[in-house]
Amino acid sequence: MLRLVSWNINGIRSPLQGVKYEEPSSCSAMAMGRILDKLDADIVCLQETKVTRDVLTEPLAIIEGYNSYFSFSRNRSGYSGVATFCKDSATPVAAEEGLSGLLSTQNGDVGCYGNLDDFTQEELRALDSEGRALLTQHKICTWEGKEKTLTLINVYCPHADPGKPERLTFKMRFYRLLQIRAEALLAAGSHVIIMGDLNTAHRPIDHWDAVNMECFEEDPGRKWMDGLLSNLGCESGSHMGPFIDSYRCFHPKQKRAFTCWSTVSGARHLNYGSRLDYVLGDRTLVIDTFQDSFLLPEVMGSDHCPVGAVLSVSSVPAKQCPPLCTCFLPEFAGTQLKILRFLVHLKQDPVFKQSALQPSNQTQVYMRQNKARVRSTRSRSSKTVSSRGQKNLMSYFQPSSSRPQTSNLDLPSLGTLKTPKTSEEDMMANVVEGLAKASEAKDEKEIRTSFWKSLLGGPSPMPLCGGHREPCVMRTVKKPGPNLGRHFYMCARPQGPPTDPSSRCNFFLWSRPS
């Protein structure tokens, strides 16, 4: 059996709270190893790792019993990124970063890119610059004893921000590139599995509020998935795409099967989310080898939960990891880097190099004149010093005759200095004056204290929501517009179905400006 798991981890350095352990945070390797053991998969695909190569640490990348592969964002730090961890028993024969082939090294790559004439080089480079795709190719053995090739595409598809229409275009072009690459691999004779966060809820059953969403079926991402996937169980003549949604193949009518929830509204508490994470397999592979497809909503640590599938095949491990494996990175390979690695060799013009090594005749004459001038200066200075004579060290401790003599000043004797006496009246006046000043200072301090207490009396009590008569929470408008930055009150309960009385009510109240 081959068990596959995919998880949008929402930062590989921060999912460790999803698994309870007693080790300190410095034991990243042990914590990451425990997460992989808890997922209990032969191949684990992670999305949204949010690390770049300069901040990736060895405890997160090198886990005993696994070989790992990373794709990093090249534009922004702490953004996007995917990683694939394979058990040593499922070591891939090839691994490659990106979908276009522009990031390939021609050594240990997967290949099969398809026809990319519709894309420019700049567009392909931009689509692969965010670290959203990672391919590993494996050898598998079926129960009949036949050895086949399986290509696993770990993908984190872009999110289309409603306020940024250019990101929708970017998302759809990424979808197009993904489909071209997957179909090219299928045409080359490899089985293909696309697994990861596709950032689209395909059917109304996959979204908590699809009924109230305008033009749900007309979304470009959903239309793309309609063309990519086959409609199992439908009448004859329906569209038959090259891939199958494995979860809907085994659970076609399972409701509230969500994989992503809003952390701001606490929607996970009432399972009020959407299904954005998938395991898509080619038709032949799913029908012949898939045994189950599942969700793991009990695994915490991210705003997504893991998804996975089980195949009735066994993995044939490669004898050596592909060059993309993190164990071959210089910073993790255990080899000391030389300083020459950080220097750039500059090519000099031969004429310039010769002129620099062999000065001209005019330069040689000028250098001889300078040397003669320095010699004459040194000889004159040495004669001057010898004529004066060298001073003895004791000469610096002898009294100088030119030192001015101290004048005899008439200073008063100690006996003539007298301390004035303070009378009792003066002492009493000073005491009374001190007490008056202290009382004035105390009164002034009390006035200041009362003023600041009235000014900084703390926040006013939260209003009660209309549905449950419970204290509200204050939120801030972050959407651009005339209300940007304004505060408002809303029900503090988690978001849920409107028919659930335990979910958030519709109470809303603007906060008055102070």
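Before any of the text, the structure's been laid out above.
A few points on the structure.

Calculation notes
- Numbers given for residues are sequential positions, taken from 1 along each chain in its written order.
- The predicted origin of the model limits local features to residues at a pLDDT of at least 70 and limits the giving and counting of side-chain atom pairs to 80 or more, whereas totals for whole chains, interfaces and linings rest on all residues.
- The side-chain figures draw on all heavy atoms in the structure; neither hydrogens nor water molecules are used.
- Per the convention used, a helix needs a DSSP run of H or I reaching at least four residues, while a strand needs a run of E reaching at least two, with both numbered from the N terminus.
- A 1.4 Å probe rolled over the protein chains alone gives each residue an accessible area, and that area as a share of the maximum for its type sets the label: buried under 20%, exposed over 50%, partly exposed in between.
- Any two residues having at least one pair of non-hydrogen atoms within 4.5 Å are treated as being in contact.
- Per-residue and other accessible areas follow the Shrake-Rupley method at a 1.4 Å probe size, with only the shown protein chains counted as cover for residues.
- Counting of polar contacts relies on pairs of N or O atoms within 3.5 Å, with two restrictions inside protein: one atom must be capable of donating a hydrogen and the other of accepting it, and residues adjacent in sequence are counted only when both atoms are side-chain atoms.
- Should DSSP find at least two bridges between two strands, the strands are regarded as paired.
- The convention used is that axes are lines fitted to C-alpha atoms, helices contributing only their stretch in contact, and that angles between N-to-C directions extend from 0 to 180 degrees.
- For this document, the term salt bridge refers to a Lys or Arg side-chain nitrogen within 4 Å of an Asp or Glu carboxyl oxygen.

1. Quick word on the overall build of the protein chain
And then number 1: Tallying secondary structure elements over the protein chain gives 10 helices and 16 strands in all.
And then number 2: Scored against the burial criterion, the 514 residues of the protein chain give a buried share of 39%.
And then number 3: Contacts in the protein chain between residues far apart in sequence, at least 24 positions, make up 66% of those at least 6 positions apart.
And then number 4: For the protein chain, the accessible area works out to roughly 31700 Å², and carbon and sulfur atoms hold 55% of it.

2. With respect to the environment of Ser190
And then number 1: Considering the arrangement of structural elements, one finds Ser190 in the loop between α4 (165–187) and β8 (191–197).
And then number 2: Placed 41 residues apart in sequence, Ser190 and Thr149 show a C-alpha to C-alpha distance of 5.1 Å.
And then number 3: Sequence-distant contacts of Ser190, defined by excluding residues within four places in its chain, comprise Gln137, Thr149, Leu150, Thr151 and Leu185.
And then number 4: At 2.8 Å, the side chain of Ser190 and the side chain of Thr151 are in polar contact.

3. Quick word on the sheet that holds strand β14 (residues 473–476)
And then number 1: Taken in spatial order, the three strands line up as β14-β15-β16 in an open sheet, and their pairing is antiparallel. On the outer flanks of this sheet lie β14 and β16 (508–510), each paired with one strand and no other. Each strand axis lies, on average, 30 degrees off the axis of its neighbour in the sheet, ignoring direction.
And then number 2: Bridge count for β14 against strand β15 (residues 487–490) is four bridges, and the pairing is antiparallel. Looking at β15, one finds that Val473 is bridged to Met490.

4. Some details on the pattern of salt bridges
And then number 1: Within the structure shown, the criterion is met by 16 salt bridges.
And then number 2: Notably, a salt bridge pairs Glu96 with Arg181, separated by 3.2 Å at the nearest N-O pair. Highlighted residues: Glu96 in strand β5 (residues 94–97) and Arg181 in helix α4, separated in sequence by 85 residues. With respect to class, Glu96 is no different from Arg181; both count as buried.
And then number 3: Glu130 is paired through a salt bridge with Arg167; the nearest N and O atoms lie 3.1 Å apart. One end of the pair, Glu130, is in the loop between α3 (121–128) and β6 (133–141); the other, Arg167, is in helix α4, with 37 residues separating them in the sequence. Side by side, Glu130 and Arg167 carry an identical accessibility label, which is buried.

5. Description of the environment of Cys465
And then number 1: As for its position among the elements, Cys465 is in the loop between α10 (424–455) and β14.
And then number 2: Separated by 43 residues in the primary sequence, Cys465 and Phe508 place their C-alpha atoms 7.9 Å from one another.
And then number 3: Setting aside anything within four residues of it in sequence, one finds Cys465 in contact with Glu470, Cys472, Cys491, Cys505 and Phe507.

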